Amino acid sequence: MKYLRIGWVLITALALFPIMLNAQATSSVTIKAIVYGSGKVPLQGALISSVDDDDNEVTTDEKGMFEIKVPYDAELGIAAMGYRTRYVKAEPGLTEIVLTSSDVINDVNVLFRVKAQKDLIGGVNAVDVKELLKKNYTTGSLDHMDALVPGFNGNSMWGMGSYFTLVDGVPRDANNVLPTEIDQITFLKSAAAVVLYGTQAAKGAILITTKRGEANNRQTNVILNTGVNVAKSFPEYLGSAEYMTLYNEARRNDGLTDLFTPTEIYNFSSGKNPYRYPNLNFYAPEYVTKSFNRHDVTAEISGGNERARYYTNINYYTAGSMLNFGEGKRNDRTNRFSVRGNIDVTINPFIYSKIDMQATFYDDRSPNSSFWADAATVRPNRFSPLIPLSYIEENDLASWGLLKNSNYLIDGKYFLGGTQLEQTNSFAAMYAGAYNQFVSRQFQFNPSVGADLRNIVKGLKFQTDMAIDYRTSYSQSYNNSYAVFSPGGTGASGTLPGWYTFEGKDYITMLTQYGQDVANGIQNVSGTIYRQTLALSSYFNYDNVLAGGHHLTGLLVANGFQQTTSGQYHALGSVNLGLQLGYIYRDKYMFDFSGALVHSPKLPEGKRKAFNPTLSLGWRISNEKFLKSSNVVDDLKLVASAGYINSDIDIANYFMYLGYYRLDDNGPWWGWDGGGYSGRITEARGGSNPQMTFPKRYNLTAGFEGSFFQQLLKLEASYFTNRMTDILVNAATMAAVVNPNWFNAGNSVFGANVNRDIESRSGFDFGAAFKKKLGEVNMTLGLNGTYYVTKAVKRTEIQNEDYLYRQGQILDGIWGYENAGFFKDQEDIKNSPVHSLGVTVKPGDLKYKDQNGDGVINVNDQVLLGKGGWYGAPFNLGVNFTAQWKKLTFFALGIGRYGADGVKNGSYFWVGGEDKYSKVVRGRWTPETADVATYPRLTTQSKAHNFVTSDFWMYKANRFDLAKVQVTYDLSSAIKKSNFMRELNVYLSGANLLTVAKERELMEMNVGGTPQTRFYNLGVRALF
């Protein structure tokens, strides 16, 4: 045994000797280098530290120089305020390190490839989400992006309407990827930017690229957040007594007698017995809290080497509810858990692969109650949700017998209230109706394989990407029936009121039961939706710089996807071939041709294929001799692009080119050619159109981007115009407008769907960033904006008056009546045009302007009143500000939306019949308030006259929102003695904090839904 041990020692020593010898020879290295920032300016105070030895760190001097001794091949981290942290290997020959500003993006993810930002030719903007999250915690992937990107207003790109969303190149939902998973978001606006994706991205696309592991940068990042959502405001409704008083007034206005006596109104106003005389307030503290919490935790694990890299994201969040009773208090909660894993493998110097996987488990549990909707409709005097048992007479054995059999005695003190009209109600349902749980599961898998073909052609690569996604969602619920009880009923002595007073105390003498308590324990599953997405793309990518400064690029791509959804007969699909050819000469003159051959099954045979060409030009004028040595212009690029895209996204359904008829001898007669021919038909949904073709987007863009005064100021701006032609006009409109007497058959439609209408949208966007260091404070101010106008260039329509035509007008127009005040009296009504809008007008009703002078007010008297902003506000302005002082960072973000109009409508403003009254009716017209009234007279009859769209109800929707404020403090230096943690940051943030607007109260109020909230959050980010 002794010799055996000696042998093992010798063998081990011999095996380790070369390693120890090598380690001694190259055990350490001294690095002397300079750290540069923007404009090759030396950075003073940059921190250089050894990743593996937190005690070994130095800072740069006034010349940006540093000296540090570390083990050979160790990893150095270089960090400076306002710049991205960079990691490099400690090797001999390392003499300078250049840091990139935290607000600069060098490489931009575009369709099927990555391009240098300097080589982009307009219509593309990117946000570095990974850097943004260091100062701006957010919960939604696209939250507040309209403050950071020119041309995007939150609803659309350049006002074009719906945009297309891609996550890692696959059509996916933006809300299924969290900000912590995202590396970069790219906004593709111009036709040239989206043409390679065929038809679906014709109106712009958002490309979300998730994070990937970095070689030699192993790290674990843990983020913890806890926050509270605080209600901004609640709708204000009248209490019972005021409602009853004004309802009586409304009846008198209609020539009816009062419904409620003064004694009844007094009893309801006294508050002496809220169960007998209810004053129901849905937003009372016992039903609704002013806040609810939200918590989330994220763990990111990444790293690897040159052969394999990995990135993993594990996230969980939970959010509560404002409901404060019953099932709402117990179980109204949202939970989401997700896992993402991205893997990159370099198989050999020529072949690489990627495998990405993601799974999301989402559950949203809520009561089987329409509480928020009922809050806008249920009148306050109708019933009491809960009534104490103590009001029931001891000898009322019949009532006690009913309640003895009830399954829902709340807290042992109350029974569920109701009436014959409220046999089911949202309060009882909250206690006894059980719950519904919406369940969503998503699984995503996308492998890729690529090859570097430089041995065949230098600069040539080939890659194939696949994706298989599954999403399923359904609702599972327990639906309990329940009984409610109403004081009163019919007994042996006739109808009894239920409530009576004896010696100053109220009692219930009889109960009537409505419904039965049934909890069968059966779980119901409904609303099942299944969706499968299959995507495949293969492409050759060429990128090479030849001698003499000739930069050539090319891309040949075959791309397609199919999305199948349960319940839909035809799958959504897209397939295309794309080609890109680019040339840049000496980083100065830029040329790009991109085009795609597209196919659509929505069109008839022979019309399903089309070609989409685009051409882009760029000129980096700053590289010309006359600007090369400028002290003002650092970089300046002029860009322009033009092209058109054939797209089927505005063709609503498949087979719209086919005619549909059913003949039947028992059907209605139809006539043709003046009655010369006749027959019978039961149904017609439109004639055939074998010439149906693609709607097209023609796009022209021109602009510039550049930096000035040694990176002090960055500017970009572009003009754009988009003309949508060959828009499909539906068969009914064609039959009614183009050939109104051609074919008739009752309600059947014989016109065909035809490409006919034209729309245009044009405007400009801009971005500006001002960066300055004042003393020890680094400040950045950013402005981004979009302005656009719309026009219906050609519209298939027929109108009775010239001013009614939509052609030539804005697309998002609000049309209605011009009001001329209130009718003062019967004499005023007599001397005014006849108002023919469904009711007989009376004093206090709105008076409208007779536009055509025919003496009658009807639909022919509507005019254009304003802009609705359906595609986003006409002018969108985003402001962001960052200030860094030592370890403290302050960030603020605001969004302004201007130029749109709104209409005060809905149940909160338009009140009639048996509607609930909000506080706005206090300004109603009466003979005594005729000169100051702000609201029409009250009525219990039709709302057809006063409550239609008119300028009386309009308002300017201009607003500025302070969307985000965050303060972040870097505690990394406090934990440097620990070998366990590398960085530690804490932050406090607030979102949706303030709205500045004339109609702020209206804009911050939700009617019939969950209230809007401000969100306050405390977070911790730790890097290990």
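Residues numbered from 1 in each chain as written. Predicted model: local features only at pLDDT ≥ 70, side-chain atom pairs only at ≥ 80, totals over all residues. Heavy atoms only, no water.

1. Overview of the overall build of the protein
Summing up its helical and strand segments, the protein has 13 helices and 57 strands in all. If you line up the protein on its principal axes, its C-alpha atoms span 115 × 85 × 60 Å. Every one of the 1024 residues in the protein was classed for burial, and the buried ones make up 51%. Of the contacts made within the protein by residues no fewer than 6 positions apart, 71% connect residues no fewer than 24 positions apart. Total accessible area on the protein stands at roughly 47600 Å², and carbon and sulfur atoms take up 56% of it. Charge centroids of the protein, computed over 100 positive and 96 negative side chains, lie 5 Å from each other. (Helix = DSSP H or I, 4+ residues; strand = E, 2+ residues; numbered from the N terminus. Buried < 20%, exposed > 50% of the residue type's maximum accessible area, 1.4 Å probe, protein only. Contact = heavy atoms within 4.5 Å. Areas by Shrake-Rupley, 256 points an atom, 1.4 Å probe, with all protein chains shown as cover. Lys, Arg positive; Asp, Glu negative; His and termini not counted. Charge placed at Lys NZ, Arg CZ, Asp CG, Glu CD.)

2. Digging into the nonpolar core
Grouped together as the largest cluster of nonpolar side chains are 70 residues, with contacts concentrated most on F371, L416 and Y917. Setting aside residues no more than four positions away along its own chain, Y917 makes contact with Y237, L238, Y243, L246, Y247, A250, V911 and L938. (Core = buried A, V, L, I, M, F, W, Y, C linked by side-chain atoms within 4.5 Å.)

3. Things to note about the packing of aromatic side chains
Two descriptors summarise a pair of aromatic rings, namely the distance from one centre to the other and the angle between the planes of the rings. Taken as a whole and judged by the stated rule, the model has 53 aromatic pairs. Measuring from centroid to centroid gives 5.3 Å for F325 and Y431, while their planes differ by 55 degrees, and the two rings are tilted. In this pair, F325 is assigned in the loop between β17 (308–319) and α6 (326–331) and Y431 in helix α9 (residues 426–432), connecting sequence segments 106 residues apart. Note on accessibility: F325 and Y431 belong to one class, buried. Seen in terms of ring centroids, Y569 and F655 are 6.3 Å apart; in terms of plane orientation they differ by 55 degrees. Their pairing is tilted. In this pair, Y569 sits in the loop between β31 (550–565) and β32 (572–585) while F655 sits in the loop between β35 (633–646) and β36 (660–663), placing the two residues 86 residues apart along the sequence. Among the residues examined, Y569 registers a relative accessible area of 77% and is labelled exposed. (Phe/Tyr/Trp six-rings, centres within 6.5 Å; stacked < 30°, edge-to-face > 60°.)

4. Structural notes on helix α11 (residues 731–738)
All of the buried residues in α11 are A731, M734, A735 and V737. The N-terminus of α11 is capped by N730, whose side-chain oxygen sits 2.8 Å from the backbone nitrogen of T733. (Polar contact = N/O pair within 3.5 Å; in protein donor to acceptor, adjacent residues only side chain to side chain.)

5. Things to note about the packing of helix α4 (residues 240–253) against helix α5 (residues 262–270)
At a minimum axis separation of 8 Å, α4 and α5 run at an interaxial angle of 155 degrees. In terms of orientation, α4 lies roughly antiparallel with respect to α5. Residues S240, A241, M244, T245 and N248 of α4 touch α5, and the partners they reach there are E264, I265, F268 and S269. Across the contact of α4 with α5, the residue classes tally to 4 nonpolar, 4 polar and 1 charged. (Axes fitted to C-alpha atoms, helices over the stretch in contact; angles between N-to-C directions. Parallel < 35°, antiparallel > 145°, perpendicular 65-115°, else oblique. Nonpolar A, V, L, I, M, F, W, Y, C, P; charged D, E, K, R; others polar.)

6. Topic: the pairing of strand β22 (residues 435–452)
Looking along a regular strand, one sees the side chains alternate between the two faces of the sheet. One ladder, built from 17 bridges, connects strand β19 (residues 351–367) with β22; its direction is antiparallel. Bridge pairing in β22 places P367 opposite Y435. Note that β22 and strand β23 (residues 460–478) share 15 bridges and pair antiparallel. Within the sheet, the bridge partner assigned to F443 lies in β23 and is Y470. (Pairing = 2+ DSSP bridges.)

7. Structural notes on the environment of S836
Within the secondary structure layout, S836 lies in the loop between β47 (834–835) and β48 (846–848). A C-alpha to C-alpha distance of 71 Å links S836 and N631, two positions 205 residues apart in sequence. Leaving out residues up to four positions away in the same chain, S836 has contacts with V856, I857 and N858.

8. Here we look at the confidence of the model for the protein
With 92% of its residues at a pLDDT of 70 or more, the protein has an overall mean of 90. Overall, residues 1–26 carries pLDDT values under 50, and its contacts beyond four positions in sequence, including any with other chains, amount to 2 contacts. (pLDDT = per-residue confidence, 0-100.)

9. Examining unusual backbone geometry
Positive phi, close to 50 degrees, is recorded for R586, a residue that is not glycine. Mapped onto the fold, R586 is located in the loop between β32 and β33 (589–599). Judged by its relative accessible area of 48%, R586 is partly exposed.

10. Quick look at the sheet that holds strand β7 (residues 96–98)
Read from one edge of the open sheet, 3 strands run β4-β1-β7, paired in mixed fashion. Of all the strands in the sheet, just β4 (65–71) and β7 have a single pairing partner and so form its edges. The average angle at which neighbouring strand axes cross in this sheet is 40 degrees, direction not considered. One ladder, built from 3 bridges, connects strand β1 (residues 28–36) with β7; its direction is parallel. Considered in β7, the bridge of Y36 is made with V98.

11. Here we look at a nonpolar patch on the surface
On the surface, L224, V297, I314, Y316, F337, V339, F361, F443, Y470, Y530 and V1020 cluster together to form a nonpolar patch covering roughly 830 Å² of accessible area. Listed by contribution, the elements that provide at least two residues to the nonpolar patch are β17 and β18 (333–348). Position of I314 among the secondary structure elements: in strand β17. On the accessibility criterion, I314 (33% relative accessible area) is partly exposed. (Patch = residues over 30% accessible without salt bridge, like charges linked within 9 Å, V, L, I, M, F, W, Y side chains within 5 Å. Salt bridge = Lys/Arg side-chain N within 4 Å of Asp/Glu carboxyl O.)

12. Some remarks on the pattern of salt bridges
Scanning the entire structure with this criterion turns up 50 salt bridges. Note that K919 is salt-bridged to E236, the shortest N-O span being 3.5 Å. Taken as a pair, K919 in the loop between β53 (901–903) and β54 (954–956) and E236 in the loop between β15 (219–231) and α4 lie far apart in primary sequence, 683 residues in all. When its relative accessible area of 41% is taken as the criterion, E236 is described as partly exposed. K904 serves as the salt-bridge partner of E999, at 3.4 Å between the closest nitrogen and oxygen.

13. Concerning the side chain of T940
Mapped onto the secondary structure, T940 falls in the loop between β53 and β54. Discounting chain neighbours no more than four positions away, the residues touching T940 are Y247, A250, R251, D254, L256 and G913.

14. Some remarks on the sheet that holds strand β11 (residues 164–167)
Strand order in this open sheet of 5 strands is β10-β13-β14-β11-β12, and the pairing throughout is mixed. At either margin of the open sheet sits one strand with a lone partner, and together these are β10 (124–128) and β12 (170–171). Relative to strand β14 (residues 205–210), β11 is paired through 4 bridges, and the arrangement is parallel. Bridging across to β14, F164 finds its partner in A205.

15. Topic: the pairing of strand β24 (residues 484–487)
Of the two faces of β24, the one carrying V484 and S486 and the one carrying F485 and P487 are both buried. By the bridge criterion, 4 bridges tie β24 to strand β29 (residues 511–514) in an arrangement that is antiparallel. Residue pairing for β29: V484 is matched across the bridge by Y514.

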